[in-house]
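# Results of the structural survey
Each chain, letter by letter, is given below.
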Amino acid sequence: MNEQHVDYTEDREDLNELMAVRREKLRDLIDLGIDPFGEKFERTHTAQEILDRFDELEGQDTVIAGRIMSLRTHGKATFADLMDSTGRIQLYLRVNTLGEELYELLQKVDIGDILGIKGTIFRTRRGEISVEVLDMKFLSKSLRPLPSKWHGLKDVDLRYRQRYVDLIVNPGVREVFETRSKIIQSLRKFLTERGFIEVETPMLHVIAGGAAARPFTTHHNALDMDLYLRIAPELYLKRLLVGGFDKVFELGKMFRNEGISTKHNPEFTMCELYMAYGDANDMMNLTEEVYAYIAQEVLGTTKITFQGQEIDLTPPWPRVPMLDAIKEHSGVDLTGLSAEEARKAAKEKGLAIEPNATYGQVLDEFFDVFVEPKLIQPVFITDHPVEVSPLAKRKKGNPNLTDRFEPFIVTWEVANGFTELNDPIDQEYRFRQQMAQREAGDDEAHMMDEDYIRALEYGMPPAGGLGLGIDRMVMLFTDSPSIRDVLLFPHMRPRS
């Protein structure tokens, strides 16, 4: 067998001067018989552990590892800052301790290199907790310089594209994603403590259902058929209610082929849950409870600040019918109007309405323009029109509305829930109405799902359902104005 060798002497034409110098140091290390990319390294402490437990650890030996973030040489002594996943700690290296040969190796160390360190814990004369280095080992040679210590990585577009660098040089970014992890853990804890079972349903769907959205398409080679990336898990989760599960939830990625903005990303995280024998009121109670619970557990308070404004998540939240909210903020009462009368009222208010817009679509437009921008504190908007709620049960006493709600915080819709429609005859009728809208050009209208109708015909218990947007929850709890700030690797248009 022929052995393969990497040619470390070859220079790339696109290397700038700083990168070329680092490559030269890399070759020097190899010539000295030193592996620049190290191997497994056992640590005894983290940086934060040493800082927190200094009183008991002072004078003891330690083994730590991390990235070198600064180097300051004073004659035959050098100070460095080492950063690991918990924080930073100062290193003190001097020739009398390391010896001439090892100390000379500092000439080959660059900011960004990952080193393994053995040393003794002490406090400098200036009072800074430090580690005096007794031995060091290269674990990964950094071949690209980090952004300037003073200027950091400020280009927002570049931060999203190179999140790995963003996490190194902007410590606050790591905190956002640590908080995101805590939020998800807290959500799972909240639901499992209340008897919900976490399940997994397909991401590839034959029919794009469960929401009004344009799907992504893909092709299954073995089956030679087109499939859709799921826009929601709803119809599969409700099939489980038919099968006898009482409380289920799924936490995962959804895909909607729509625009990108500070509040929208085509790939997003959502938690959907369903409770047999419940209704929309149960789901509203659960929504305000879960927000308050997670805020208290993760942030220690139910009063948070978002972009300078205090938001009180303490239950109960107001519950306002959509028609009442529209009347309050637009001055127009749309109650009981026909679709034609509603379209006329919309035109009089200057709204852009399609000539064949339904009554429910007109209400939606009124709400988006006049109401949504005013909803800062938590509030439930209830009683949505049936035309835009094809999976929700009709409201008793008014079959044109549904027992559906959307909670809003800082003008964002943060969830969607309703009393589930379990009447297979009405559900099929709604699907056919949606299909008519698709044929009229609405590519976000729901498709017909014959198998779901079949499932309902076996009998699904009355139920409440809820979809929680996780990304917006994280934005709210981390005071992040853009959804890209809470996604580790947001989708970006490739640079040419």
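Residues numbered from 1 in each chain as written. Predicted model: local features only at pLDDT ≥ 70, side-chain atom pairs only at ≥ 80, totals over all residues. Heavy atoms only, no water.

## Thoughts on unusual backbone geometry
Note the cis peptide between proline 315 and proline 316, where omega equals 0°. On the secondary structure map, proline 316 appears in the loop between strand S13 (309-312) and strand S14 (319-321). A positive phi is found at valine 410, a non-glycine position, where the angle reads about 45°. Topologically, valine 410 is positioned in the loop between strand S18 (404-409) and strand S19 (412-413). Accessibility expressed as a relative area gives 10% for valine 410, which makes it buried. The backbone phi angle of threonine 411 is positive, close to 75°, even though this residue is not glycine. With respect to the helices and strands, the residue threonine 411 is situated in the loop between S18 and S19. According to the relative accessible area criterion, threonine 411 is buried, its value standing at 19%. (Helix = DSSP H or I, 4+ residues; strand = E, 2+ residues; numbered from the N terminus. Buried < 20%, exposed > 50% of the residue type's maximum accessible area, 1.4 Å probe, protein only.)

## What about the environment of glutamate 354?
By the secondary structure assignment, glutamate 354 is in the loop between helix H12 (339-348) and helix H13 (359-371). With 107 residues separating them along the chain, glutamate 354 and proline 461 place their C-alpha atoms 38 Å apart.

## Brief notes about the pattern of salt bridges
Summed over the entire model, instances satisfying the criterion amount to 30 salt bridges. With its nearest N and O atoms 3.1 Å apart, the salt bridge here joins arginine 53 to glutamate 56. One salt bridge in this structure joins lysine 76 and glutamate 100, with 4.0 Å as the shortest N-O distance. Of this pair, lysine 76 sits in the loop between strand S1 (61-74) and strand S2 (77-84) while glutamate 100 sits in helix H5 (residues 100-104); the two residues are 24 residues apart in sequence, bridging distant segments of the chain. Residue lysine 76 is classed as exposed on the basis of its relative accessible area of 57%. Connected via shared salt-bridge partners are Lys25, Asp110, Asp113 and Lys141. (Salt bridge = Lys/Arg side-chain N within 4 Å of Asp/Glu carboxyl O.)

## Examining the sheet that holds strand S3 (residues 87-94)
An order of S1-S2-S3-S5-S4 is seen for the five strands of this closed barrel, with the pairing classed as mixed. Going from strand to strand, the sheet's axes swing by 55° on average, the running direction of each strand aside. When S1 meets S2, the two strands line up antiparallel, connected through seven bridges. From the neighbouring strand, threonine 73 faces S2, where its bridge partner is threonine 78. (Pairing = 2+ DSSP bridges. Axes fitted to C-alpha atoms, helices over the stretch in contact; angles between N-to-C directions.)

## A short note on the packing of helix H8 (residues 171-193) against helix H16 (residues 470-478)
Where H8 contacts H16, the two axes come as close as 10 Å, and the packing angle between them is 125°. Taken together, the axes of H8 and H16 lie oblique to each other. Here the hand of the crossing between H8 and H16 comes out right-handed. Counting all contacts with H8, which are made through Val176, Thr179, Arg180, Ile183, Ile184 and Leu187, the residues of H16 involved are Ile470, Asp471, Met473, Val474, Phe477 and Thr478. (Parallel < 35°, antiparallel > 145°, perpendicular 65-115°, else oblique. Left-handed = near helix turned anticlockwise from the far one by under 90°. Contact = heavy atoms within 4.5 Å.)

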